[in-house]
Amino acid sequence: MTKGRRTNVAPTVDQISADKLTRIAGEYWSSATEQHKPFDSSIIDEIYEKEILNSKFSVKRIMLLEFSHYLENYLWHNFVAEKASYAHVISIVVMINEKFRERVPAWQFLKELPQQFPGFLRRVLKGILPSEDAKELSLKEHNVLLRFVNYCFSSLEIDIIREQIQRLVSLPIWVTLNKNRREAEFKRVPKLKKFWKVVEKSDAKLAPEEKQLVDFDRHFLRRLIDRVDSLLQSIPENGPVDPEKVEFCVRFLEFMIDIEALLPTRRFFNAVLDDSHILVKMKLSNLPKRPDGKLFSQLVEMLEFYAGFEIDDQTGESLTDNDMVAIHYEKVHSLQLTAFRLFKDDLRKFALTNVSSVDTGDKLKKQLEHMSPEQLYDLTAAINLLPARDGAEVTESREFLMNLLIVHHERRVSQLNAINNMPLYPTEEIVWDENVVPSEYFQGDGVLALPKLNLQFLTLHDYLLRNFHLFRLESTYEIRQDVEDITVRMKPFAGEDGGCVLGGWARMAQPISSFSVVEVAKPNIGEDHPSRVRADITVTLSTRNDIKWEWESLRRHDVCFLVTVRPTRPASARYDRTKPFVPQMGLTYIRGCEVEGMLDENGKVIEEFGFEQKPRLRGDSRTWRVLLDPCQYQRDMERTVHGTEDVYETFNIVMRRKPKENNFKAVLETIRDLMNTETVVPEWLHDLLIGYGDPSAAHYSKMENQIASLNFNDTFLDADHLRESFPTYEIKMTVDDPGKQKPPFRLTFLDVKKHDGGQKRKADGKEVKQPAILAEPFLPPNRGPYPYNEPKRNSVRFTPTQVEAIRAGMQPGLTMVVGPPGTGKTDVAVQIISNIYHNFPDQRTLIVTHSNQALNQLFEKIMALDVDERHLLRMGHGEESLETEKDFSRYGRVNFVLQQRIELLNEVQRLQESIDVPGDVAYTCETASHFYQYHVYSRWDEFLNKIKHKEGPNQEKNVEAIAQQFPFTAFFANAPQPVFKGRSYEEDFHIADGCFAYIKRIFTQLEEFRSFELLRNGADRALYLLVKEAKIIAMTCTHAALKRRDLVEAGFKYDNVLMEESAQILEVETFIPLFLQTPDEDGHNRLKRWIMIGDHNQLPPVIKNMAFQKYSNMEQSLFARFVRLVVPTVDLDAQGRARPSICNLYNWRYKNLGNLPHVHQQGEFQLTNPGFVYDFQLIDVEDFNGIGESEPSPYFYQNLGEAEYVVAVYTYMRLLGYPAEKISILTTYNGQKHLIRDVVEQRCSKNQLIGRPHKVTTVDKYQGQQNDYILLSLVRTKTVGHLRDVRRLVVAMSRARLGLIVFARASLFRNCFELAPTFNQLVKRPMKLHICPGEVYPGTRKVDEAPPADSFVIENMPQMAQYVFDLYQEKLHKLRDVIKETPPSLMRQQPDEEEQEAELHEVFPGDDEQPMDAEEKPAGAQANPEDQPFYDLVKMETHNLNREEEDYDPKLDAQINVDSLF
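Residues numbered from 1 in each chain as written. Predicted model: local features only at pLDDT ≥ 70, side-chain atom pairs only at ≥ 80, totals over all residues. Heavy atoms only, no water.

The subject of this paragraph is the overall build of the protein chain. Looking only at helices and strands, the protein chain features 56 helices and 30 strands. Taking 35 Å as the expected radius of gyration for a compact globule of 1462 residues, we find that the protein chain reaches 37 Å, a close match to that expectation. Along the three orthogonal principal directions, the C-alpha set of the protein chain runs to about 115 × 90 × 85 Å. (Helix = DSSP H or I, 4+ residues; strand = E, 2+ residues; numbered from the N terminus. Rg over C-alpha atoms; globule rule 2.2 N^0.38 Å.)

Quick look at the structure:
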């Protein structure tokens, strides 16, 4: 919106087919042709010169080459480093750069001929610098090469790339340092001197040719810096300049920042960068002063920040503020000593003054301004910043020398203080800065002043800092969209008096009647900004009641925005989306605020008490008390001192946002809190979080506290299941009787030994024997004689891989489970939680998911296992979606505890009466406790003594004695009788023990509930429940980020974290749940286990801004980063969701993904889908009325032909009897979703016989869900679009269980390299719809049977539409015949339900879910225009999809100007 509509750079299918490059590809390398001409290097040179270079590296031409697999099939396959031309080298580089731009796997080609990469990279490096063999390359070509090298530095997880990059940044590059500086560095880190001598000895043995190559690598970065220095000197302050020069300088800065932001690459390079003084030279150059130098200046600031980052380059240890102050004092003190030694008379005052008096830039400049350039040079040389001049003339300017000294000795602002003083709300200066918050049309090939999330981070502070900035900017982008939307809707224009007039309205915004700042509180100690700023906003809500209610529902902590608009355009002017937004609308200021509350008629804040309703106020005027950002207010007031206007007297619009999208401030405060506290990371996790050390160090096999013996509870269904689950282990049972080898089992892993690291030992040079497991079946404690005392048991027969995931999750350390679609991720997660609950009853487990839906699914399965519900707690919103009548929220659990307390006390009273004890012992938990100690336990103890006394040779007497002596027989009179079976002593004693366990559990629970009697306040009870009572606490990652401060203050503690949907959670939102508690008294984090379950091969977190997604890599989840770091994972390898044939469409993305037995054996998988020949099929959809895809607004893609085809097939399925809830319609674009919904609304929804499908939504929104039958529309007909992201393809193909029909332009998608494994299977089947109209749902035809003879082929969408209409009419006539044959007397009677259902089933088979009343005529049965043939209807004129009205809504374009089918 801000920069206008972007141009579509991708070539269309027609353009690809007609292009000459396609013909050349067909002759030389295309996979679509079998016979190819021999390799001809001149073809590469010709293509490069004519198609790439002459087109100025046109993205469209490069994409066309990339589609033809130019890199994989021709360039790399025929590359020889010594012989290849630079046209060949740059062609490869261009293809790889394009893959990075499109975010597709870029390094797959290295699997072939990896040995060529070192030579290739050296050719690239030589090409960047002026040299003999690359002297004809242009600056544009240098930019392309530099961009590629930067991609290499960001791909260090690739072994062959990392090996080559290390040569450019290792210790030998210090050969380029000033000799004195190098010796000073060796003195600071003495061990490096030893390594340096080793390097010198190695160099002495090298041949001249080898030495030349080595020297090139070591000098490359320094020569690159020198080249940029010379380019900067050639740029004038005014006048024209070659844009490629600016581009090269910007690319260079991006490259330097990326090197400095990684410890392995900055360790030795940081000294080289500092020794080159390029930062000082950049600041003094002309480019920052030019209009086109803004981005350059922003990048220089970023590079300066990372060059001086608070870290020890050699050890990697984070430096505190105190450490940085000490280093600063040491530097200034050294400068003072040197100045006193060299210039005792001139700098005596400077040398003797205290450090704090001379450590700012202005003060240093004042002290040194009288010195000559020669003196300044000698001073800088004496402290090793420059080489000694030895009498030579000084060529550096005095300004440069002065700035060099200032930069190295002025006091740096603390990073933490800068963050703490940063306003959290965005302002107009940031919101519309394209370098910081780019527009949505970012193409992926530019440079931005943004941090990046890659594999590694410098420190935890750096990790949080980058995430803080990116999260803030992503929120800013969303806020910008909202501000632009409401401003356009408000239609501001200039009135006759020059003021602002609002000609429209917006639901989320209101004109401000009055605004006033009512309080500015004094600063806190140590701060320079107010501690609190309050203001009152008054608006007039003369609007609809529902909108007024929404505004009145604003709650404490909700965030609103204050906007100042000063339009200059007249009322008749229309908003032009292709032009910049701010000048058109006259938007001047934007400030954020936090709602404190609405004011009542007396001007007091109306307090909120949860479920209590707010008092109703008279009139339409409403006033809110808000909190302004104190830091921003301070800045604004400082500006007014210098003559600028007071921002807070100008606001004329207040904007609110949707609650779900408005939590950014709380999340930013949480991240800032983490930076301000000493975040204690578990020792076993610290290095891994920032990307260093052994990737497997946190795996349970490497943990010193690995547990050898574990109770697997109900994990195994039987002994055979146990043996199947550990195929590599020898299972040793502790009992030989097969009848006693029954679960549950306690397993002891005999290969686990302390400090063994889980590795097999060698004995006498031989491998140890097969590892063994000692399996001990045990009888679980009897919980009582009632049927409900029987524990709930797992019924899933886990696979060996799932069992390994469960075992890993029970062990301490990090467990990562990769769960492909349908592999039982949730079942594994639930079993891990259950097993931890039973093995470690004193530990508490935190469950975190991305969505409320996933959290509820997980929670519902936990409830079905053997977990006491009093220990379950569900936090946050979304609890109401749980499919249970029980309330698992905090207050719901409090009510449950109070109710349970009453029921248990009633049981105590019943027990009291059964043993005839007088008094009111069931009054409170305390009296019940006394009753247990003095009356209940004493009777049990007496019973045990009597039983032991009567033990003897006569076993029969012992059996009878148990029943006779048991003291609580009367209490268990309501249990199934007889309580004691009398078959054996052991059995009856086990029953007696269970009965007492039941009684004991009553008093144990009452003891736990005792605190609820003492706590009288509901909030206190809820807090106690959270902190003490609950053992399994579930929340979303968003709730964890919002409530961290409250949880920490409440003393929340937990030992284990399990995260579902880990690959869909933002990096920082994964990090925060690990730190919802304070360290223990010994200063350690008590976290013992971290289980992450997800699938990085499916869609990543949603990032709306393409720049943050592509450039900053913000869509990378922590789970995906760990996978890239090669952290050990358990890959679930058997799916039970889909037919094997459908699974084959996506299982190629996973390691050995197979099928569970039931997808071959169960009946639904052995039958075909009735009415269709194939279980999956790709339908090639042609243009409809000459139109394929359309784009009424940017990225709002639609395809009318596919939409109509999809709905026609859905209607056909419903007419055959398919239940509507078993069919979902998916598409890859929001525009198509709205179009299909409109078609469904017109064709189906009003007809009870058809109705709506289960869901019509996008593939992205449907991740994590499934259905039996999926109809998928891929929409695009010109370019592949974002389906080229294989992760989206995997999600799309894996949603169906039994049937999948894909509607797409086959010629487009079948030629996409990344999608080939799937589409190669799809195109093997006919691409016309094959149907069997004689079949009905449910089907009876086996999968191995031939289709019936009446099956036929649907050629296109109009034919399908006509066929469906005819089929509907046929069904309709049959229904009318049934109605006519029904006697009138029966029509007036209530028909027998079963008979009515049977009659309807004959007409509409399988429509049991939506039976239609026999007396009711279906919609459309009358003779009206709705009975027109469908084929004629769809040919009618559609709405113009490219209207350009001011109030245009894209959704309106989805509506078709045709009547309903029915």
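Our focus in this paragraph is the environment of L455. Mapped onto the elements, L455 comes out in the loop between helix 23 (428-431) and helix 24 (460-490). Once the C-alpha coordinates of L455 and E1191 are considered, the two residues, 736 residues apart in sequence, prove to be 37 Å apart. Those residues within four positions of L455 in sequence are excluded, and the remaining contacts are E157, I690, G691, R1121, R1124 and L1125. (Contact = heavy atoms within 4.5 Å.)

Strand order across the open sheet formed by seven strands is 17-18-16-19-20-15-21, with parallel pairing between neighbours. Each edge of the sheet is formed by a strand with only one pairing partner; in this case those strands are strand 17 (872-874) and strand 21 (1130-1131). The pairing of strand 19 (residues 1056-1059) with strand 20 (residues 1089-1094) spans four bridges and is parallel. Bridge pairing in strand 20 places M1059 opposite M1092. Of the strands in this sheet, strand 16 (845-849), strand 18 (1032-1036), strand 19 and strand 20 are in contact with helix 32 (residues 825-839), which crosses strand 20 at around 165 degrees. (Pairing = 2+ DSSP bridges. Axes fitted to C-alpha atoms, helices over the stretch in contact; angles between N-to-C directions.)

Within the secondary structure, L385 is located in the loop between helix 20 (373-382) and helix 21 (398-409). Since its relative accessible area comes to 7%, L385 is described here as buried. In this structure the C-alpha to C-alpha distance between L385 and D714, which are 329 residues apart in sequence, comes to 69 Å. Those residues in contact with L385 that sit more than four places away from it in its chain are N178, D275, H277, T380, L404, L405, H408 and H409. (Buried < 20%, exposed > 50% of the residue type's maximum accessible area, 1.4 Å probe, protein only.)

This part covers the pairing of strand 6 (residues 587-598). The side chains of a regular strand alternate between both faces of the sheet. Taking burial as the measure, the twelve residues of strand 6 include eleven buried ones, the bulk of the element. Note that strand 5 (residues 559-565) and strand 6 share seven bridges and pair antiparallel. Opposite L562, over in strand 6, you have R591 as the bridge partner. In this sheet, strand 7 (residues 621-628) lies alongside strand 6 in antiparallel orientation, the contact comprising five bridges. Note that in strand 7 the partner of E594 across the bridge is L627.

The next thing to look at is the environment of P781. With respect to the secondary-structure elements, P781 resides in the loop between strand 14 (772-777) and helix 31 (800-810). Put simply, P781 and G994 are 213 residues apart on the chain and 6.8 Å apart in space, counted from C-alpha to C-alpha.

Here we come to the nonpolar core. F117, F148, W174, F968, F972, W1090 and F1122 are the most contacted members of the largest nonpolar core, which totals 257 residues. Top contributing element to this core by residue count: helix 24, with 14 residues. Setting aside its immediate chain neighbours within four residues, F148 contacts V93, I96, N97, W107, F117, F120, L121 and V124. (Core = buried A, V, L, I, M, F, W, Y, C linked by side-chain atoms within 4.5 Å.)

A few words on the confidence of the model for the protein chain. Confidence in the prediction for the protein chain averages 87 pLDDT; 90% of positions are at 70 or higher. Throughout residues 1-7 the model reports pLDDT below 50, and contacts reaching past four residues in sequence, or to other chains, amount to 31 contacts. Contacts for the low-pLDDT stretch residues 755-766, under 50 throughout, to residues beyond four places or in other chains number 17 contacts. (pLDDT = per-residue confidence, 0-100.)

What follows covers the sheet that holds strand 11 (residues 745-749). Pairing between the strands of a sheet is mediated by backbone hydrogen bonds and can be parallel or antiparallel. Read from one edge to the other, the open sheet built from four strands follows the order 9-11-14-10, with strand pairing classed as mixed. Single-partner strands in this sheet number two, and they are strand 9 (709-711) and strand 10 (730-733). Taking each pair of neighbouring strands and ignoring which way they run, the sheet shows an average axis angle of 25 degrees. Examined bridge by bridge, strand 9 and strand 11 share three bridges and lie antiparallel to one another. What sits directly across from L710, in strand 11, is L747.

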